Amino acid sequence: MLAPLLCTRLGLPYLGARPIVRGLSDDKHLMKLAARARGVPTAPSAVVRLGQAVPESAPFDAGRFVAKPNNSSASWGLTDAADWAGVRDHIAALHAEGHDALVEPFMRGYDLELPVIGGSDGDQILPLMRFDYDPDALRTYAHKRGFEPSGAKLVQETDPAVLATVADYTRKLLPELAPFDYGRFEFRMDAETG
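Just so you know, these numbers come straight off a predicted model, no measurement behind them.

Draft legend 1. Representation of the pairing of strand β4 (residues 101-105) within the structure. Burial analysis of β4 places five of its five residues in the buried class, the great majority of the element. Neither face of β4 is left uncovered, since the one carrying A101, V103 and P105 and the one carrying L102 and E104 both have all their residues buried. Relative to β4, strand β2 (residues 65-69) is paired through five bridges, and the arrangement is antiparallel. Residue P69 lies in a different strand from β4, and its bridge partner there is A101.

Rendered as structure tokens:
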């Protein structure tokens, strides 16, 4: 975000989204709120900002919790726990490292990624990609970066219903983020419930 901020201040052109839009897209909690406001179904979540007390009890029910830095990429700092006590410990560790924490229920399923090229004459939605792997597995930073094997296989999604649903959700989100040159919209899909 520093380069776009400096370029904006100096009046220099640059590629990418404006700094405020970049900030929204990097803040997982705020982006989830924007998605919900636009009618995109999103798992319940809670943010515990740096400096806030870690709640004594869970803000929602879940059989398995996921906690991560609110602004991490590639699942850096991601962990899961079967109970709130385990999540509380991880939130405290994230705070000690200087990060806001995001907590969600673990969603069984697989990851979808939809790349979009933005343009002044319309956005171009590219092919939807899916990561096939054990739907009960937690894909961590080490898995996503190839430091540990995950068994995940990247394939192009071909199910017409899934393609239509993800394209619809993405179009609902575009007004929140436009204009931009390139964006990757990520979803987690439970194959059994949709």
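Here the narrative resumes.
Draft legend 2. Quick peek at the sheet that holds strand β3 (residues 79-81). Read from one edge to the other, the open sheet built from four strands follows the order β1-β4-β2-β3, with strand pairing classed as antiparallel. Of all strands in the sheet, those bounded by a partner on one side alone are β1 (46-48) and β3. On average, each strand axis in the sheet is tilted by 25 degrees relative to the strand beside it, whichever way the strands run. When β1 meets β4, the two strands line up antiparallel, connected through three bridges. Within the sheet, the bridge partner assigned to V48 lies in β4 and is A101. The strands touched by helix α3 (residues 28-37) within the sheet are β1, β2 and β4, with β4 carrying the most contacts at an inclination of about 50 degrees.

Draft legend 3. How the structure looks around unusual backbone geometry. P179 follows A178 through a cis peptide bond whose omega is 0 degrees. On the secondary structure map, P179 appears in the loop between α6 (160-177) and β9 (182-189).

Draft legend 4. Focus on the packing of aromatic side chains. Summed over all chains, the structure comprises five aromatic pairs. Ring centres of F60 and F65 lie 5.9 Å apart, and the angle between their planes is 40 degrees; this geometry places the pair in the tilted category. For the pair formed by F60 and F65, the shared burial category is buried. When the ring of F65 is compared with that of W84, the centres are 5.4 Å apart and the planes differ by 70 degrees; the resulting orientation is edge-to-face. One end of the pair, F65, is in strand β2; the other, W84, is in helix α4 (residues 84-96), and 19 residues separate them in sequence.

Procedures and definitions
- Residues numbered from 1 in each chain as written.
- Predicted model: local features only at pLDDT ≥ 70, side-chain atom pairs only at ≥ 80, totals over all residues.
- Heavy atoms only, no water.
- Buried < 20%, exposed > 50% of the residue type's maximum accessible area, 1.4 Å probe, protein only.
- Helix = DSSP H or I, 4+ residues; strand = E, 2+ residues; numbered from the N terminus.
- Pairing = 2+ DSSP bridges.
- Axes fitted to C-alpha atoms, helices over the stretch in contact; angles between N-to-C directions.
- Contact = heavy atoms within 4.5 Å.
- Phe/Tyr/Trp six-rings, centres within 6.5 Å; stacked < 30°, edge-to-face > 60°.

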